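Single-letter residue listing:
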Amino acid sequence: MASDAMRNATDKASDMLNNVSDRATDAYNKAADLGNEALEEGYQAAQEYADKGLDYVGDLTDRVSEFVRRDPWFAVVGAFAIGYVAAHFFRRMK
């Protein structure tokens, strides 16, 4: 009789542990899925921003190239002026 009660108590405890273990596994899997979804969305957003940035840089490069072809002397003078100002700025930073 006592052994039956002990066996029943052991079976109940085992069932409870299995139930808790299953719930913990389900919660872990859901959290992992949510984390993976968030990472994928973040990666896609970063990729879109990078693509937009590359498009912007490409457009800017095209505009600068067109400007240099149209007014090469003005571009050379502008580059010299920018370099001169940058050199003075960096020299004063030391």
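Scroll up for the structure.
As the structure is a computational prediction, the values presented were derived from the model and not from experiment.

Analysis parameters
- Residues numbered from 1 in each chain as written.
- Predicted model: local features only at pLDDT ≥ 70, side-chain atom pairs only at ≥ 80, totals over all residues.
- Heavy atoms only, no water.
- Helix = DSSP H or I, 4+ residues; strand = E, 2+ residues; numbered from the N terminus.
- Expected span 1.5 Å × (residues − 1).
- Buried < 20%, exposed > 50% of the residue type's maximum accessible area, 1.4 Å probe, protein only.
- Patch = residues over 30% accessible without salt bridge, like charges linked within 9 Å, V, L, I, M, F, W, Y side chains within 5 Å.
- Areas by Shrake-Rupley, 256 points an atom, 1.4 Å probe, with all protein chains shown as cover.
- Salt bridge = Lys/Arg side-chain N within 4 Å of Asp/Glu carboxyl O.
- Phe/Tyr/Trp six-rings, centres within 6.5 Å; stacked < 30°, edge-to-face > 60°.
- Lys, Arg positive; Asp, Glu negative; His and termini not counted.
- Charge placed at Lys NZ, Arg CZ, Asp CG, Glu CD.

Caption draft 1: Looking closely at helix H2 (residues 72-93). Between its first and last C-alpha atoms H2 spans 32 Å; for 22 residues at 1.5 Å apiece the expected length is 32 Å, and the two agree. Of all 22 residues making up H2, only one are buried, and the element is barely covered by its neighbours.

Caption draft 2: Representation of a nonpolar patch on the surface within the structure. A cluster of nonpolar side chains, Tyr56, Val57, Leu60, Val64 and Val68, forms an exposed patch at the surface whose accessible area comes to about 440 Å². Mapped onto the elements of the fold, Tyr56 is located in helix H1 (residues 2-70). For Tyr56, a relative accessible area of 51% corresponds to the exposed category.

Caption draft 3: Expanded view of the environment of Val64. Among the structural elements, Val64 can be located in helix H1. Given the relative accessible area of 44%, Val64 is considered partly exposed.

Caption draft 4: Spotlight on the environment of Ala32. Inspection of the secondary structure assignment puts Ala32 in helix H1. Between the C-alpha atom of Ala32 and that of Phe89, which follows or precedes it by 57 residues, the distance is 51 Å.

Caption draft 5: Inspection of the packing of aromatic side chains at higher detail. A full pass over the atoms with the stated rule returns three aromatic pairs. Taking the centre distance of 6.3 Å and the plane angle of 25 degrees together, the rings of Phe80 and Tyr84 count as stacked. Linking Phe80 with Tyr84, this pair stays in helix H2, spanning four residues, or about one helical turn. Each ring, one from Phe89 and one from Phe90, has its centre 5.5 Å from the other, and the planes form 65 degrees; the classification is edge-to-face. Exposure class is identical for Phe89 and Phe90. Each is exposed.

Caption draft 6: Just a negative patch on the surface, in detail. A contiguous patch of negative charge on the surface is contributed by Glu48, Asp51, Asp55, Asp59 and Asp62. Counting through the fold element by element, Asp59 comes out in helix H1.

Caption draft 7: Main features of the pattern of salt bridges. All told, the structure shown has two salt bridges when counted by the stated rule. Note that Glu66 and Arg70 form a salt bridge whose closest N and O atoms lie 3.5 Å from each other. Here Glu66 pairs with Arg70, and both are found in helix H1, just four residues apart, close to one helical turn. Using a relative accessible area of 47% as the deciding quantity, one classes Glu66 as partly exposed. In this structure Arg70 comes out as exposed when scored by relative accessible area, which is 53%. Connected via shared salt-bridge partners are Glu66, Arg70 and Asp71.

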